[in-house]
Amino acid sequence: MRQGVPAVVNYFDMHGVEEALRIKDKYGARVTVLTMGPPSADKALKQCISMGADEGVLVSDRAFAGADTLATSYVLATAIYKAADTWGPVDIIFAGKQTSDGDTGQVGPGIACRIDYEQLTYVQKVEDLNPETGELTVHRHLEDGVERVKTKTPVLITVVTELNVPRRASLPGMLRAARYTPIVWTTNDFEDLDRSKIGLHGSPTIVSKTWVPEPKHVETEMLSGSAQEMSSAVIDRLFASELKQSLNWA
Amino acid sequence: MAEERRRKMIGLQPEGEIDWSEYKGIMVVVEQRAGQAKPVSWQLLGEAKRLAQKLDAPLMALVMGEGVRDIADEAIGYGADIVYLSDAPELRDYRTRPYSRVCLKVIRTYKPEIVLMGATYTGRDLAGAIATHLPTGLTADSTQLDVDDERLLLASRPAFSEKMLATILCKQFKPQMATVRAGVFQALPFDSARAGEVVEVSEDMREGDIVTKVLEFIQDTNRVNLEDAQVIVAGGRGVGGPDGFKLLEELARTLGGTVAASRAATDLGWMDHAYQVGQTGTTVRPKLYFAIGISGAVQHVVGMQNSDYIIAVNKDANAPIFQIANYGIVGDLFEVVPLLTRAFQERLTPVVTR
Ligand SMILES: Cc1cc2nc3c(=O)[nH]c(=O)nc-3n(C[C@H](O)[C@H](O)[C@H](O)COP(=O)(O)OP(=O)(O)OC[C@H]3O[C@@H](n4cnc5c(N)ncnc54)[C@H](O)[C@@H]3O)c2cc1C
């Protein structure tokens, strides 16, 4: 690996993978795709290989099941350190949404915090990257506009779909993917993993119950008559309500 | 460097039993940009007030920024008993590290048993970092909150293909944390006479030590803001295409409102995803909501059922949307919507006497 060139680890997200591959194309980088999930997730990893990723790692073990954000970020942070030991320093992590139910984009910040990386969430564009200094400028997508932010590697970036259009697999990529077997890391592959902090057992949040919410009870008035009559009737009722005042219908 | 990094693992849970009895009260982290608080912060204070009364505990707010003293006073008007105010140039723009530092310091010093933030981009960014640092459990994207006799926070959020709600607890650690969707709860009426205390909190920070810099913020004035809309005219698959939405836009314009859409309509590309109301879109709470050509699937309904008045227009008298509407019109929307628009126009535009 050339000095000063970022290695990129991702836990599965195609837009993140694409952005990592663009950095690889431009500056040279090793792109490692890391995902935590069931054995069936190796399909997605093979797809990343066909696009041009160097390695695909599946972090998979029954012991990880039932993990909440805290336990998940612990395992992934541990895996990222192992990736760094295996392939060299990890400068940029692109994190997408996790595939599992209930993920709400909190795992990315959790990982960044655990391993003490800078954290940039909801990135829609990587404007500039200097592989020598590690400085980069990105655009963050917020509710009311776009924020341009500058930071320095090591950094964890969570992405939004506007970031890019993921590429299709190349023919050599597909050939490589067909022969490629993703690396699997289980609890046994992590020396310092504290087993009390993983999976359901290591998750401080617990689901106490699930239920189907009762529909709100409303007295519905169905109007009758012609379309004209129904429309006027509705408007009469609205004008007779407190809306007249609260919406300034003078 | 690599060696050092490898060993660092923040947020490891402490071993053994911890005495959490000092943790008391609810803290709402107020979000602001350029000295303007986000409405979700006041909505959260409104709901948190109810919980604080149930717990017989103080309601705290944390205000961070530069030149945000006014927001601290505003927080009292919206229900906070105590406001922790951290006003510093390093906090002018939101950045994860300086904001986390202040937030962690306040939480560790004043020990709230519950910490709530808006499930906004910024709120999620900060909550994820804080919960890991402490560490504690975080329930993201909650849509219902309560507390039980054991002072546990019952935070409920959509789960399992979104048709169900799951109530999530954190028994092990304090504070119990949740992010909450905007538009779900209602703010208390602002009361400038309400008394409260502002406590200034300072944290020794140097700009030179902060790696991340915000270069600029480009406001998007075209960005749809459904959360704050008073009147929403929403259309679904029944609207038939972008042309149909023009009819809805006219009604919305007449009422000074905004259009919105069901997921069927956004998936079909008739409207941008930003306009989608519902579980995977925006939760809205307008004074008046029109559901036009929308069947009323549960994933749509959860995003709009708290509207003050719901008017449904649908040609199918059995459409579930009628079960939650205040007024129902069974008819063809292409006929009904222009009639509604015209009738509103007649009543709202001043009558010119001849
Ligand atoms: C995980 C998940 C998340 C989801 N999230 C969301 C979400 O956030 N928001 C959301 O909206 N949906 C969501 N959905 C989809 C939801 O289940 C429904 O499929 C969707 O809301 C249906 O949209 P619709 O009511 O516009 O379309 P339809 O259900 O097809 O209803 C169209 C309605 O228009 C009426 N109609 C047709 N022509 C006319 C006419 N000329 N005049 C009057 N009425 C007419 C029909 O009678 C019908 O009732 C989600 C689904 C899943 C599984």
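Refer to the structure printed above.
Residues numbered from 1 in each chain as written. Chains lettered and ligands numbered in written order. Predicted model: local features only at pLDDT ≥ 70, side-chain atom pairs only at ≥ 80, totals over all residues. Heavy atoms only, no water.

1. Quick notes on the nonpolar core
Judged by nonpolar contacts, the single largest core of 39 residues is most densely connected at L238(A), W249(A), L251(B), L288(B), F290(B), I292(B) and F344(B). Mapped by element, the contributors of at least two residues to this core are α6 (227–240) of chain A together with β14 (231–235), α6 (242–254), β15 (258–261), β16 (288–292), β17 (309–314), β18 (327–330) and α10 (333–348) of chain B. Setting aside anything within four residues of it in sequence, one finds F344(B) in contact with I235(A), L238(A), F239(A), W249(A), L251(B), T254(B), L255(B) and F290(B). (Core = buried A, V, L, I, M, F, W, Y, C linked by side-chain atoms within 4.5 Å. Buried < 20%, exposed > 50% of the residue type's maximum accessible area, 1.4 Å probe, protein only. Helix = DSSP H or I, 4+ residues; strand = E, 2+ residues; numbered from the N terminus. Contact = heavy atoms within 4.5 Å.)

2. Quick look at the packing of aromatic side chains
Counting across every chain of the model gives 13 aromatic pairs over all chains. Between Y84(B) and Y110(B), the ring centres sit 4.0 Å apart and the planes meet at 20°, which makes this aromatic pair stacked. Here Y84(B) is found in strand β5 (residues 82–87), whereas its partner Y110(B) is found in helix α4 (residues 96–110), with 26 residues between them in sequence. With relative accessibility at 31%, the residue Y110(B) sits in the partly exposed group. Cluster of aromatic residues (ring-pair linked, three or more members): F239(A), W249(A), F290(B) and F344(B). Directly above the ring of W211(A) sits K209(A), whose terminal nitrogen or CZ lies 4.6 Å from the centroid. The ring of F239(A) carries the charged tip of R347(B) above its face, separated from the ring centre by 4.2 Å. (Phe/Tyr/Trp six-rings, centres within 6.5 Å; stacked < 30°, edge-to-face > 60°. Lys NZ or Arg CZ within 6 Å of the ring centre and 35° of its normal.)

3. Considering the pairing of β16(B)
Where a strand is regular, its side chains alternate between the two sheet faces. Residue and element names in this part refer to chain B. Burial of β16 is extensive: five of the five residues sit out of reach of the surface. Where β14 lies against β16, five bridges are found, and the strand directions are parallel. Bridge pairing in β16 places V233 opposite F290. Taken together, the five bridges between β16 and β17 define a ladder with parallel strand orientation. By the bridge assignment, F290 is partnered in β17 with I311. (Pairing = 2+ DSSP bridges.)

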